[in-house]
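For reference, the chains in residue letters:
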Amino acid sequence: MLNTVHLSCDLCVIGGGLSGMAAAISAAREGLSVVLMHERPMLGGNTSSEIRMWICGAQGKDNRETGILEEIALENIYRNPTKNFHIWDTVLYDFVRREKNIRLLLNCACMDAQWEAGDYPYGRDRKIKSVTGYQMTTQRFYQVEATFFSDCS
């Protein structure tokens, strides 16, 4: 029988591409406890070594990404001057792992959401209570209860 691990946090981010990473890092830096659930073995989404698309920013003169994405890009220039995508994967991984408030679940596909009915802001009548993911490498289910959820998948 497969085990289920129950986790609780302030924010659960589904998807470890650049938007999910930025959301998780930003929240963790503000003191929130974060679970980052990503279905692939490496972070970065389209920028990972699987797809190989660099952070390009908006096209045009003097346009560039700023904030957390710029922090990551600058570290990559320092650690990875030859632009090797496998080193890029480690830059992204290290960037998330250094945030003590993030629990990272790689190879963990989100497969279900539990919700509860009620009277919520903006005319909503339901709220997500938890999400469940399956992690292939550990053969465990993870049920994550959170105050907030961010779908960056």
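Summarised in this report is the structure supplied together with it. (Residues numbered from 1 in each chain as written. Predicted model: local features only at pLDDT ≥ 70, side-chain atom pairs only at ≥ 80, totals over all residues. Heavy atoms only, no water.)

1. Brief notes about the environment of Y93
Phase 1: Turning to its location among the elements, Y93 is positioned in helix α3 (residues 85-97).
Phase 2: What makes Y93 partly exposed here is its relative accessible area of 36%.
Phase 3: In the structure, Y93 is positioned 46 residues away from Q139 in sequence and 21 Å away in space, judged by C-alpha atoms.
Phase 4: Setting aside residues up to four positions removed in sequence, Y93 forms contacts with L43, L104 and L106. (Helix = DSSP H or I, 4+ residues; strand = E, 2+ residues; numbered from the N terminus. Buried < 20%, exposed > 50% of the residue type's maximum accessible area, 1.4 Å probe, protein only. Contact = heavy atoms within 4.5 Å.)

2. Brief notes about the packing of aromatic side chains
Phase 1: This model, assessed by the stated rule, comprises one aromatic pair.
Phase 2: Taking the centre distance of 5.1 Å and the plane angle of 55° together, the rings of Y134 and F141 count as tilted.
Phase 3: Using a relative accessible area of 24% as the deciding quantity, one classes F141 as partly exposed.
Phase 4: Sitting over the face of the ring of F95, R98 holds its NZ or CZ atom 4.6 Å from the ring centroid.
Phase 5: A cation sits over an aromatic face here: R126 above W115, 4.8 Å from the ring centre. (Phe/Tyr/Trp six-rings, centres within 6.5 Å; stacked < 30°, edge-to-face > 60°. Lys NZ or Arg CZ within 6 Å of the ring centre and 35° of its normal.)

3. Comments concerning the side chain of T132
Phase 1: With respect to the helices, strands and loops of the structure, T132 is situated in strand β5 (residues 124-135).
Phase 2: We classify T132 as buried; its relative accessible area is 12%.
Phase 3: Ignoring anything within four residues of it in the chain, the contact list for T132 reads A109, C110, M111, D112, Q114, F141, Y142 and Q143.

4. Section: the sheet that holds strand β4 (residues 108-120)
Phase 1: Spatially, β3-β2-β1-β6-β5-β4 is the arrangement adopted by the six strands of the open sheet, whose pairing is mixed. Two strands close off the open sheet at either side, each with one partner strand: β3 (102-105) and β4. Neighbour-to-neighbour, the strand axes of this sheet turn through a mean angle of 35°, independent of strand direction.
Phase 2: As paired strands, β5 and strand β6 (residues 140-151) are joined by six bridges and run antiparallel to one another. From the neighbouring strand, V131 faces β6, where its bridge partner is V144. (Pairing = 2+ DSSP bridges. Axes fitted to C-alpha atoms, helices over the stretch in contact; angles between N-to-C directions.)

5. A few points about helix α1 (residues 18-29)
Phase 1: Over its 12 residues, α1 runs 16 Å from end to end, which matches the ideal 16 Å to within 8%, given 1.5 Å per residue.
Phase 2: Listed in full, the buried residues belonging to α1 are L18, G20, M21, A24, I25, A27 and A28.
Phase 3: Looking at the residues trailing α1, positive phi occurs at G31, about 95°. (Expected span 1.5 Å × (residues − 1).)

Such coordinate-based values are descriptive only and should not be taken to indicate function.
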